[in-house]
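Summary of structural features
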Amino acid sequence: LKTEALSALADAGTTKDLESARVRYLGRSADLTEIKKGIRDLPPDDRKAVGGASNRATKEIEAALAERLAEVAVSEREERLRAEAVDVTLPGVPYPKGSLHPSLRIIDEVVDFFVGLGYRVAEGPEVETDYYNFTALNIPPGHPARGMQDTFFLDDGLVLRTHTSPVQVRTMLSQEPPVYIVCPGRTYRRDSDPTHTPMFNQIEGLAVDKGLTLGDLKGTLAAMARHVFGEDVKVRLRPSYFQFVEPGVELDVSCFVCGGSDPNCKVCKGAGWIEMLGAGMVDPAVLSEAGYDPEEYTGFAFGMGPDRMAMVRYGIPDLRLFFEGDLRFLQQF
Ligand code: FA5
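Notes on the structure follow. Since this is a predicted model, take the numbers as computed values, not measurements.

**Comments concerning the nonpolar core**
Residues Val110, Phe114, Leu221, Met224, Leu277, Phe302 and Met304 are the most contacted members of the largest nonpolar core, which totals 42 residues. Residue assignment for this core shows that the elements contributing at least two residues are α5 (102-116), β5 (199-209), α8 (214-229), β7 (245-254), β8 (273-282), β9 (298-304) and α10 (306-314). Among the elements that take part in this core, α8 stands out by supplying seven residues, more than any other. Ranked by size, the runner-up nonpolar core spans 24 residues in total, among them Ile181, Val208, Ala290 and Tyr292.

**A short note on the site of the ligand**
Around the ligand, 22 residues are found, and the nearest of them are His163, Ser165, Arg189, Thr197 and Gln202. A distance of 2.9 Å is found between an oxygen atom of the ligand and a side-chain nitrogen or oxygen belonging to Arg189. Alone, the ligand offers 680 Å² of accessible surface; in the complex the protein occludes 93% of this. For the shell around the ligand, the secondary-structure elements that each account for two or more residues are β5, β8 and β9. Across the shell around the ligand, the residue classes break down as eight nonpolar, ten polar and four charged.

**Comments concerning α8**
Relative to the 22 Å expected for 16 residues at 1.5 Å per residue, α8 spans 22 Å between its end C-alpha atoms, a close match to the ideal helical length. Considered for burial, the residues of α8 that qualify are Leu217, Thr220, Leu221, Ala222, Met224, Ala225, Val228 and Phe229. Residues of α8 that are buried sit in contact with α5, β6 (235-240), β7, β8, β9 and α10. If you check the start of α8, you find a side-chain oxygen 3.2 Å away from the backbone N of Gly215, and it comes from Thr213.

Reading guide: rules and limits
Residues numbered from 1 in each chain as written. Predicted model: local features only at pLDDT ≥ 70, side-chain atom pairs only at ≥ 80, totals over all residues. Heavy atoms only, no water. Core = buried A, V, L, I, M, F, W, Y, C linked by side-chain atoms within 4.5 Å. Buried < 20%, exposed > 50% of the residue type's maximum accessible area, 1.4 Å probe, protein only. Helix = DSSP H or I, 4+ residues; strand = E, 2+ residues; numbered from the N terminus. Near = heavy atom within 4 Å. Polar contact = N/O pair within 3.5 Å; in protein donor to acceptor, adjacent residues only side chain to side chain. Areas by Shrake-Rupley, 256 points an atom, 1.4 Å probe, with all protein chains shown as cover. Nonpolar A, V, L, I, M, F, W, Y, C, P; charged D, E, K, R; others polar. Expected span 1.5 Å × (residues − 1). Contact = heavy atoms within 4.5 Å.

This is the structure in structure tokens:
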């Protein structure tokens, strides 16, 4: 019986097998237990011999069981560790990750540049009053310049702002000079073709201080262009007209892709220059309307289209792609 029990224990490979062996050889109805129960019915001379032998057998089986339990516990733990092991050298599961919209990249770079110069970031509402969008910018009711902006009119004298310039006025009304602000934001016009979308971004800039000149405007914007398009970029001012600046200019940058001389260049098409923004010295009438004394203060303002700048930088032929939300397009950036 003992030999059979010991060999069963040796064969048992798991904690569960060992438990069934224990029940079978040491349990309440095991043969060995039965023998022990029967001892008292034996003739007295046999009791000692049978009692001694069965106790020794029990001890030996218990000892073998304890030993096997310890061994099996170790091997079971090793097995589990092997099964649960993490191979830290396996490549991870790739997690889809977004990226910045091309317009936002330009906006971030431009805003970073101006914040570095000490400009503050200002914001204004996208639903704007007719007054801030036009009248306060020297475009009175009935003036033909209003018709040039393809405005979305809302009820009650409200419009979707056609440019970020109303933020100039709001800022001047809310603080004393000097003013140095940049204002990125969404703007809206009834427009849709490869270089115009009904919603687009603008970045406005306004500086008002004592003694600011057109030279300051040009120097500031030239430094901005170098920051965004590279050290070798050149700028030039061309006369232009905006109702709220005098004089008004447009700023061109030399083609930063081909350096300005390649007739086959896709970005400037050989023209050598790319139009970048509208700007000028703030019209004294606008300063007065905002409560600033135009005899004491002068200022410059500019408004650029970061979507157009992104088009040029990334060589994208149609601006409408920017706002269709097509992942195949957006994932390229
Ligand atoms: C203005 O909006 C003036 N407020 C800019 C300004 C500010 C001048 C301060 C002087 C002083 P303009 O209409 O040219 O100007 O628009 C400025 C830029 O916005 C354009 O150069 C272009 O890059 C961008 N833009 C205009 N319309 C659209 C459109 N529909 N889609 C995409 N970009 C546009």
